[in-house]
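The chain contents come next:
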Amino acid sequence: MKYDIADKKLAAKGRLRIEWAERNMPVLRLIRERFKKTKPLRGMRIGCCLHVTTETANLMRTMKAGGAQLALCASNPLSTQDDVAASLVVDEKIATFAVRAENNKRYYRHIDDVLAINPHITIDDGADLVSTLHKRKTLPKELIAGLEETTTGVIRLRAMEKDGALRFPVVAINDSNTKHFFDNRYGTGQSTLDGVLRATNMLLAGSTVVIAGYGWCGRGLATRAKGMGSHVIVTEVDPLKALEAVMDGFMVMPMAQAAPKGDLFITVTGDLNVIRKEHFVKMKDGAVVCNSGHFNAELDLPALEKITRKKRDIRHEVVEHTITGGKKINILAEGRLVNLAAAEGHPAMVMDMSFANQALGVEWLQKNGPKLETKVYPMPTHIDDSIAKLKLKTMGVKIDRLTAEQKHYLAAWEMGT
Ligand code: NAI
């Protein structure tokens, strides 16, 4: 088995952390038990490009239990947990190609290493496998379809579909209600602040936190920052989202106005150069700036470099830039996903649902993939709903059922009262 990881000796530590995460992934555990018995993925080769975390390790174990052959690389150079990668190789015998802080060349070589298994199915977080495949003249002969985990990946895929460039079907896992309602909102919300706190140990109470983007991630983040006592400012480009933020009780203004007010800035837009030179120069001395959107393109760091006179690593994952005029701006995690680079990513409890979608999505594609057209598909609603039901069950939460009379009432258009 081929692999490329930092250090096999880290496996024992990784094993324990994977086990810890597993305790909070009861839905995935149930799926794994079923997969172990029925082996629905027997004979399938699955190429995965995901953040190499404890939760991902549990998804890998689930698909392996289902009989799949797997290869895994990182979907971000800074998100790999080296102990997890080691355990996947040593304990699970899964071909893993991921080293924390790998350079771009190694990162893309690892993508090629995964594609070398000639996958039937790809699983992406950010569409790197899919876009690499699309640069090739010929696709792997047995390729059936792909699955995409995140908003940015789905946006890229929809753009490819619109341009007629997409060459095989893909399922947008991010669009499942049991994914973005929870993972993006509560997962990114909590883990982003976790990353900021581990990197800086700053006090959120009384701080002014500027959040760019009031989508699923942004609203989770804003609510949690408010709950910790911060004054939250939201910046948006979408009038509807901006209005929601106003009515949710947040201050809304352009970044140019927010720049001198913030103590902490977090971008979660999936967009490009959201914080630029004209914003950096207006910031307070000592401002902390980071990103939790998928790509490290939301902060215009090249522009910051141009006005940087002195730079030093002041803490782990904190680089202090002294800019022209003497102000200091602190950039966390090189502008990459701060929740994964400076903390451990989303809690397992929420990834349980995201990865239940992935595991059941692979099973669904195994049966239905060959019938699909070259399009971006949502997960079938009945699978999405079944995950919500299972999650509630594992949490011991019961809900009411419609009575026959209520079903009739809700389906009838003639009845007024
Ligand atoms: P979304 O589409 O729900 O929200 C993005 C929001 O940003 C939209 O409301 C949009 O109007 C706004 N926006 C776009 N350009 C802007 C600008 N220049 N200034 C201010 N606002 C702007 O997307 P979602 O699901 O919230 O995801 C956001 C990003 O976070 C994506 O890149 C996604 O892939 C990533 N993501 C990161 C995770 C993590 O672990 N850190 C987890 C899930 C998603």
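Each chain carries its own residue numbering, running from 1 in the written order of its sequence. The predicted nature of this model means local features are confined to residues of pLDDT at least 70 and side-chain atom pairs, given and counted, to a pLDDT of 80 or more, with totals for whole chains, interfaces and linings taken over all residues. Note that water and hydrogens are dropped before the side-chain values are worked out from all heavy atoms of the structure.

Q: Before we move on, can you summarise the overall build of the protein chain with the specific residues and values?
A: Looking only at helices and strands, the protein chain has 17 helices and 16 strands in total. Here the globule rule reads 2.2 Å times residues to the power 0.38, and the radius of gyration is calculated from C-alpha atoms. The C-alpha atoms of the protein chain give 22 Å as radius of gyration, which agrees with the globular expectation for 417 residues (22 Å, within 12%). For the C-alpha atoms alone, the extent of the protein chain along its principal axes is close to 65 × 65 × 45 Å. Looking at the protein chain residue by residue over its 417 residues, the buried ones come to 57%. Within the protein chain, contacts between residues at least 6 apart in sequence are counted, and of these 71% link residues at least 24 apart. Computed with the Shrake-Rupley method and a 1.4 Å probe, the accessible areas treat only the protein chains shown as cover for residues. Total accessible area on the protein chain is roughly 19000 Å²; 54% of this is exposed by carbon and sulfur atoms. Neither His nor the chain ends is counted toward charge; the positive residues are Lys and Arg and the negative residues Asp and Glu. To locate a charge, take atom NZ for lysine, CZ for arginine, CG for aspartate or CD for glutamate. In the protein chain, 60 positive and 48 negative side-chain charges are present, and the distance between their average locations comes to 3 Å. Numbering of helices and strands runs from the N terminus; a helix is a DSSP stretch of H or I covering at least four residues, while a strand is a stretch of E covering at least two. Classification of residues uses two cut-offs on accessible area relative to the type maximum, computed with a 1.4 Å probe and protein chains only: under 20% is buried, over 50% is exposed, and between them is partly exposed. Only heavy atoms matter for contacts: two residues are in contact if any of them lie within 4.5 Å across the pair.

Q: Tell me about the domain arrangement of the protein chain, residues and numbers included.
A: Residue ranges assigned to the domains are those given by an automatic or database domain assignment. In terms of domain boundaries, the protein chain breaks down into domain 1 (8-179 + 345-394) and domain 2 (186-341). The interface is formed by 17 residues belonging to domain 1 together with 16 residues belonging to domain 2. Interface area for domain 1 against domain 2, summed over the two sides, is near 1300 Å², with a carbon-plus-sulfur share of 59%. Any Lys or Arg side-chain nitrogen found within 4 Å of a carboxyl oxygen on Asp or Glu counts as a salt bridge. Counting every contact that joins domain 1 to domain 2 gives one salt bridge. Two residues, Arg-100 and Glu-317, come together in a salt bridge whose shortest N-O distance is 2.4 Å. As used in this structure description, the phrase polar contact means that two N or O atoms lie within 3.5 Å; if the pair is within protein, one of them must be able to donate a hydrogen and the other to accept it, and residues adjacent in sequence are counted only when both atoms belong to side chains. Counting across the interface, domain 1 meets domain 2 through seven residue pairs in polar contact (both at pLDDT 80 or more). By buried area we mean the combined loss of accessible area, with a 1.4 Å probe, across both parts when two parts are placed together.

Q: So what's going on with the packing of aromatic side chains? Residues and values would help.
A: Between rings of Phe, Tyr and Trp, where Trp is taken as its six-membered ring, a pair exists when centres lie within 6.5 Å; planes separated by under 30 degrees are stacked, by over 60 edge-to-face, and by other angles tilted. Tallied over the entire structure, the rule returns five aromatic pairs. The ring of Trp-216 has Arg-219 lying over it, and the distance from NZ or CZ to the ring centre is 5.3 Å. Think of it as a cone above the ring: NZ of Lys or CZ of Arg counts as a charge over the ring if it is within 6 Å of the ring centre and within 35 degrees of the ring normal. Its end group placed over the ring of Phe-250, Lys-226 keeps NZ or CZ at 5.0 Å from the ring centre.

Q: Account for the site of the ligand, naming residues and giving values.
A: We call a residue near a molecule or strand whenever a single non-hydrogen atom of that residue lies within 4 Å of it. Neighbouring residues of the ligand: 26 residues in total, closest Thr-150, Thr-151, Thr-152, Glu-236 and Ser-292. Contact distances for the ligand include 2.9 Å between an oxygen atom and a side-chain N or O atom of Asn-184. Here the ligand has 860 Å² of accessible area as a free molecule, and 87% of this is covered by the chains. For the shell around the ligand, the secondary structure elements donating two or more residues are helix 7 (151-162), helix 8 (177-200), helix 9 (216-227) and helix 14 (338-341). When its residues are assigned to classes, the shell around the ligand shows seven nonpolar, 15 polar and four charged. When residues of the shell around the ligand are assigned to domains, at least three map to each of domain 1 (8-179 + 345-394) and domain 2 (186-341). Ten residue types, Ala, Val, Leu, Ile, Met, Phe, Trp, Tyr, Cys and Pro, are classed as nonpolar, four, Asp, Glu, Lys and Arg, as charged, and the remainder, Gly among them, as polar.

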